[in-house]
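An overview of the molecular structure
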Amino acid sequence: MEKTIKSVQDLYDMLDADFRSAKQFWEPFYEDRNRPIPFFPNKPDENLVAHVNAGLLAGGKALELGCGPGRNALYLTRQGYQVDAYDLSETAIAWAKERAAEEQLDVHFECRSVFELAPQQEYDLVYDSGCLHHLLPHQRIPYIEMIHQALKPGGYFGMSCFAPGFGGQGGPESVMDDWQVYQEKSMKGGLAFTEEKLRYLLQDPFECVELRPMKAMGQDENCFGLPILWVTMWRKPGV
Ligand SMILES: C[S@@+](CC[C@H](N)C(=O)[O-])C[C@H]1O[C@@H](n2cnc3c(N)ncnc32)[C@H](O)[C@@H]1O
């Protein structure tokens, strides 16, 4: 029935309706591969590399959410993970598949919204580099539930997201609160999180393994790192 709210999904649909669709934004974003976007080069996140090198991430099945052109999924595949990686943008997925083919890597890249996924305790690692901070606050509810369901007990959830001071959200310590997003009908390019907010959102389903600013990495280094981001790793309890 037209515009009737009966379920939580109806409520989410109503909240989504005030915002431009993410697909409209992200589809053209990857058309010009030569743009100086920091995460376009095919280099993995420094924190991911650090956890692999330290032996915390030791292989198995990995799920990457909002994988873009696939730099972290490709890295994890090279490290022996069997990787499923999803993104909203057909253009990004086409680029990721080309990169995999060039290296003869077997990665399952697919153009799908993260909200269409419903994996059940399949993954040893779920990774999100810069996807959650582009989700609307209400979308975090099914997103974090899905990630928790996706992980095997003892599995890891790694993420990077904007820290306070990012972009157009005011001074170095300021972040938009979630209510402001709906009042102003904008996320102003992505949401920044305080450390307290990240812990509040994630500590119930998970145990914190790491939460720190990302290290700065130069253009000539093999990893990606920008200190405007948090990097964080969480573990699903159970083993
Ligand atoms: C900042 S980019 C990061 C891309 C990639 N993770 C990287 O770091 O190279 C965020 C990505 O999230 C994707 N994204 C946003 N909302 C999504 C959704 N609902 N489902 C799947 N992907 C989504 C966008 O298409 C975009 O590629």
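Look up a bit, the structure's there.
Summarised in this report is the structure supplied together with it. Quick caveat, the model's predicted, so the values are computed rather than measured.

1. Details of the sheet that holds strand β6 (residues 207–213)
The mixed open sheet is built from 7 strands, whose spatial order is β3-β2-β1-β4-β5-β7-β6. A strand with exactly one partner marks an edge of an open sheet, and here the two such strands are β3 (108–111) and β6. The mean angle between the axes of side-by-side strands here comes to 15 degrees, regardless of whether they run parallel or antiparallel. Two strands pair when backbone bridges link them, and strand β2 (residues 82–87) and β3 are joined in this way by 4 bridges, in the parallel orientation. Residue pairing for β3: aspartate 87 is matched across the bridge by cysteine 111. Here helix α6 (residues 140–150) sits on the sheet in contact with β1 (61–65), β4 (123–129) and β5 (151–162), set at roughly 140 degrees to β5. Set on the sheet, helix α8 (residues 195–202) makes contact with β5, β6 and β7 (229–235); between it and β7 the angle comes to about 25 degrees.

2. A few points about empty space enclosed by the protein
Inspection of every chain in the model, using the stated rule, returns 1 cavity of 30 Å³ or more. What the largest cavity holds in volume is close to 30 Å³. Lining the largest cavity we find Leu132, Arg140, Ile144, Met159, Leu198, Leu201 and Leu202. Every element with two or more residues in the lining of the largest cavity is listed here: α6 and α8. Sort the elements by how many residues they give to the lining of the largest cavity and α8 lands first, with 3 residues. Tallied by class, the residues present in the lining of the largest cavity amount to 6 nonpolar, no polar and 1 charged.

3. Description of the environment of arginine 33
By the element assignment, arginine 33 lies in the loop between α2 (22–29) and α3 (46–53). For arginine 33, a relative accessible area of 34% gives the class partly exposed. Excluding residues that lie within four positions of it along the chain, arginine 33 makes contacts with Phe40, Trp95 and Glu98. Here glutamate 98 takes part through its side chain, which lies 3.0 Å from a polar atom of the side chain of arginine 33.

4. Examining helix α5 (residues 90–103)
Compared with the 20 Å implied by 1.5 Å per residue over 14 residues, the 20 Å span of α5 between its first and last C-alpha is a close match. Along α5, the residues classified as buried are Ala92, Ile93, Trp95, Ala96, Arg99 and Ala100. Mapping the buried residues of α5 onto a view down its axis gives an arc of 160 degrees, with all of them on the same face. Structural note: α5 exposes Ala101 and Glu102 on the side pointing more than 90 degrees away from its buried face. As for α5, its buried residues are in contact with α4 (71–78), β2 and β3. Regarding α5, its N-cap is serine 89, as a side-chain oxygen of that residue lies 3.3 Å from the backbone nitrogen of threonine 91 further along. Note on α5: the residue one or two positions beyond its end, glutamine 104, has a positive phi of about 55 degrees.

5. Section: the site of the ligand
Residues in close proximity to the ligand total 18 residues, the closest being Tyr30, Gly66, Arg71, Asp87 and Ser129. A distance of 2.8 Å separates an oxygen atom of the ligand from a polar atom in the side chain of arginine 71. Taking serine 113, its side chain carries an N or O atom lying 3.4 Å from a nitrogen atom of the ligand. Here the ligand, which alone exposes 590 Å², has 97% of that area covered by the protein.

6. Things to note about unusual backbone geometry
Although it is not a glycine, glutamine 121 sits at a positive phi angle of roughly 45 degrees. Located in the positive-phi region is lysine 188, a residue other than glycine, with phi close to 50 degrees. With respect to the helices and strands, lysine 188 occurs in the loop between α7 (178–184) and α8.

7. Here's the deal with a nonpolar patch on the surface
A surface patch of nonpolar side chains, about 270 Å² in accessible area, is lined by Ile5, Leu11 and Met14. By secondary structure assignment, the location of leucine 11 is in helix α1 (residues 8–16).

8. A word on the nonpolar core
Counting residues in each nonpolar core, the largest one holds 33 residues, and the members touching the most others are Leu63, Leu65, Val126, Tyr143, Ile147, Phe157 and Phe206. Listed by contribution, the elements that provide at least two residues to this core are β1, β4, α6, β5, α8 and β7. The greatest single-element share of this core, amounting to 5 residues, is contributed by α6. Setting aside residues up to four positions removed in sequence, phenylalanine 206 forms contacts with Ile144, Ile147, His148, Leu151, Phe157, Trp234, Arg235, Lys236 and Pro237. Judged by nonpolar contacts, the second largest core, of 24 residues, contains Val49, Ala62, Tyr81 and Leu105.

Conventions adopted
Every chain begins its residue count from 1, and numbering advances along the sequence as written. Local features are withheld for residues below a pLDDT of 70 in this predicted model, meaning they are given only at 70 or higher, and side-chain atom pairs are given and counted only at 80 or more; totals for whole chains, interfaces and linings count all residues. To obtain the side-chain values, all non-hydrogen atoms of the structure were included, while hydrogens and water were left out. Only when DSSP finds a minimum of two bridges between them are two strands counted as paired. Going along the chain from the N terminus, every DSSP run of H or I of four or more residues is numbered as a helix, and every run of E of two or more is numbered as a strand. Between N-to-C directions, angles cover 0 to 180 degrees, with each direction set by a line fitted to C-alpha atoms, over the stretch in contact for helices. By the convention used here, residues are in contact when the closest approach between their heavy atoms is within 4.5 Å. Points on a 1 Å grid, built from protein atoms alone, make a cavity when a 1.4 Å probe fits but cannot get out and make a pocket when they are open with protein on both sides within 12 Å along at least 5 of 7 lines; residues with an atom within 4 Å of a point are the lining residues. Grid points are joined across faces, edges and corners, and a volume is the space filled by probe spheres set on the points. When residues are grouped by polarity, Ala, Val, Leu, Ile, Met, Phe, Trp, Tyr, Cys and Pro land in nonpolar, Asp, Glu, Lys and Arg in charged, and all others, Gly among them, in polar. The buried label applies to any residue whose accessible area, calculated with a 1.4 Å probe on protein chains only, is under 20% of its type's maximum; exposed applies above 50%, and partly exposed to all values in between. For this analysis, a polar contact is any N or O atom pair within 3.5 Å, provided that within protein one partner can donate a hydrogen and the other can accept it, and provided that sequence-adjacent residues contribute only side-chain to side-chain pairs. Each residue after the first adds 1.5 Å to the expected span of a helix. Read the arc as the range of directions from the helix axis to the C-beta atoms. Nearness here has a simple test: a residue counts as near a molecule or strand if at least one of its heavy atoms is within 4 Å of that partner. Surface accessibility follows the Shrake-Rupley procedure with a 1.4 Å probe radius. Residue values consider only the protein chains on display as shielding. Residues enter a patch when their relative accessible area is above 30% and they make no salt bridge; the linking distance is 9 Å between like charges and 5 Å between nonpolar side chains (Val, Leu, Ile, Met, Phe, Trp, Tyr). One speaks of a salt bridge when a side-chain nitrogen belonging to Lys or Arg is within 4 Å of a carboxyl oxygen belonging to Asp or Glu. Side-chain atoms within 4.5 Å are what join buried Ala, Val, Leu, Ile, Met, Phe, Trp, Tyr and Cys residues into a set we call a nonpolar core.

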